[in-house]
Amino acid sequence: MRLQPKRVKYRKSQRGSLKGKASQGRKLNFGEYGLVAQEAGWITARQIESSRVAIIRAIGREARLWIRIFPDKAVTKKPLETRMGKGKGEPDFWVAPVKPGRILFELGGVEGGRVEKAFRLASHKLPLKTRIISSDEDIL
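Residues numbered from 1 in each chain as written. Predicted model: local features only at pLDDT ≥ 70, side-chain atom pairs only at ≥ 80, totals over all residues. Heavy atoms only, no water.

Section: the packing of aromatic side chains
Logical step 1: For the structure shown, the criterion picks out one aromatic pair.
Logical step 2: With centroids separated by 5.6 Å and ring planes inclined at 20°, the aromatic side chains of Phe-30 and Trp-66 adopt a geometry described as stacked. You can see Phe-30 sitting in the segment before strand 1 (33-37) and its partner Trp-66 sitting in strand 3 (residues 64-67), a full 36 residues away along the chain. (Phe/Tyr/Trp six-rings, centres within 6.5 Å; stacked < 30°, edge-to-face > 60°. Helix = DSSP H or I, 4+ residues; strand = E, 2+ residues; numbered from the N terminus.)

Examining helix 1 (residues 45-59)
Logical step 1: End to end, helix 1 covers 21 Å across 15 residues, agreeing with the expected 21 Å (1.5 Å per residue, within 8%).
Logical step 2: Those residues of helix 1 that fall on the buried side of the exposure criterion are Ala-45, Ile-48, Glu-49, Ser-51, Arg-52, Ala-54, Ile-55, Ile-56, Ala-58 and Ile-59.
Logical step 3: On its buried face, helix 1 sits against strand 2 (41-44), strand 3, strand 5 (90-98), strand 6 (103-108) and helix 2 (112-123).
Logical step 4: Once helix 1 ends, the next one or two residues include Gly-60, with phi positive near 85°. (Expected span 1.5 Å × (residues − 1). Buried < 20%, exposed > 50% of the residue type's maximum accessible area, 1.4 Å probe, protein only. Contact = heavy atoms within 4.5 Å.)

Section: the pairing of strand 1
Logical step 1: Of all five residues in strand 1, four are buried, a share of seventy percent or more.
Logical step 2: Bridge analysis of strand 1 against strand 6 gives four bridges, and the strand direction is antiparallel. Within strand 6, the position partnered with Val-36 by the bridge is Ile-103.
Logical step 3: Bridge analysis of strand 1 against strand 7 (residues 130-134) gives five bridges, and the strand direction is antiparallel. Along strand 7, the bridge assignment pairs Gly-34 with Ile-133. (Pairing = 2+ DSSP bridges.)

A few points about the layout of surface pockets
Logical step 1: The computed volume of the largest pocket comes to approximately 210 Å³.
Logical step 2: Lining the largest pocket are eleven residues, with Arg-2, Leu-3, Gln-4, Ala-45 and Arg-46 positioned closest to its centre.
Logical step 3: Mapped onto the lining of the largest pocket, the elements with two or more residues apiece are helix 1 and strand 5. (1 Å grid on protein atoms, 1.4 Å probe; cavity = no way out; pocket = protein on both sides within 12 Å on 5 of 7 lines; lining within 4 Å. Points joined across faces, edges and corners; volume = space filled by probe spheres on them.)

Overview of the confidence of the model for the protein chain
Logical step 1: Considering every residue of the protein chain, the mean pLDDT works out to 93; 96% of them sit at 70 or more.
Logical step 2: Confidence, read as mean pLDDT per element, is least for helix 2 in the protein chain (92) and greatest for strand 2 (97). (pLDDT = per-residue confidence, 0-100.)

So, the sheet that holds strand 6
Logical step 1: Strand order in this open sheet of four strands is 3-6-1-7, and the pairing throughout is antiparallel. Each of the sheet's edge strands pairs with one partner strand only, and the pair in question is strand 3 and strand 7. Direction aside, the axes of adjacent strands within the sheet are offset by 20° on average.
Logical step 2: In the packing of helix 1 onto the sheet, the strands contacted are strand 3 and strand 6, and the crossing angle to strand 6 comes to about 20°. (Axes fitted to C-alpha atoms, helices over the stretch in contact; angles between N-to-C directions.)

Points about unusual backbone geometry
Excluding glycine, most residues fall at negative phi; most peptide bonds, likewise, are trans.
Logical step 1: Positive phi is not limited to glycine here, since Glu-81 has a value of about 55°.
Logical step 2: Along the polypeptide, Glu-81 turns up in the loop between strand 4 (73-77) and strand 5.
Logical step 3: Owing to a relative accessible area of 86%, Glu-81 belongs among the exposed residues under this scheme.
Logical step 4: Even without being glycine, Lys-86 reaches a positive phi, approximately 60°.

Some thoughts on the nonpolar core
Logical step 1: Within the largest apolar cluster, 25 residues are counted, with the highest numbers of intra-cluster contacts made by Ile-43, Ile-55, Leu-104, Phe-105 and Leu-107.
Logical step 2: When contributions to this core are tallied by element, the ones reaching two or more residues are strand 1, helix 1, strand 5, strand 6 and helix 2.
Logical step 3: It is helix 1 that provides the largest number of residues to this core, a total of six residues. (Core = buried A, V, L, I, M, F, W, Y, C linked by side-chain atoms within 4.5 Å.)

The following block contains the structure:
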């Protein structure tokens, strides 16, 4: 499963800002449990995929998993041993910009103990601090 956009309006994007808290993606819409980002940062497509695999391995196929972020920002990189100048580098990989309070993953159809284990394994794959929430508690 390769997470990247099929088409983009512009091949190269600017770095952007990650100030403030998330304005969207703060409520559980699908499952009973969610993994919420506590810090701002970029999550790469590979990190999202490895987290997804860790969750699926921990809980099995009977539960339902929703991925609430998508890597739609291209990060460029210049080739090694290239002199400065001569324009911006080529797109290298894709990231999802994440602000604090953003729900990354949601799980439904499984009890709390297994959810905690699965989300803990997934959080080790991510570059941000995260916490687990359930549908009966408030977010941040």
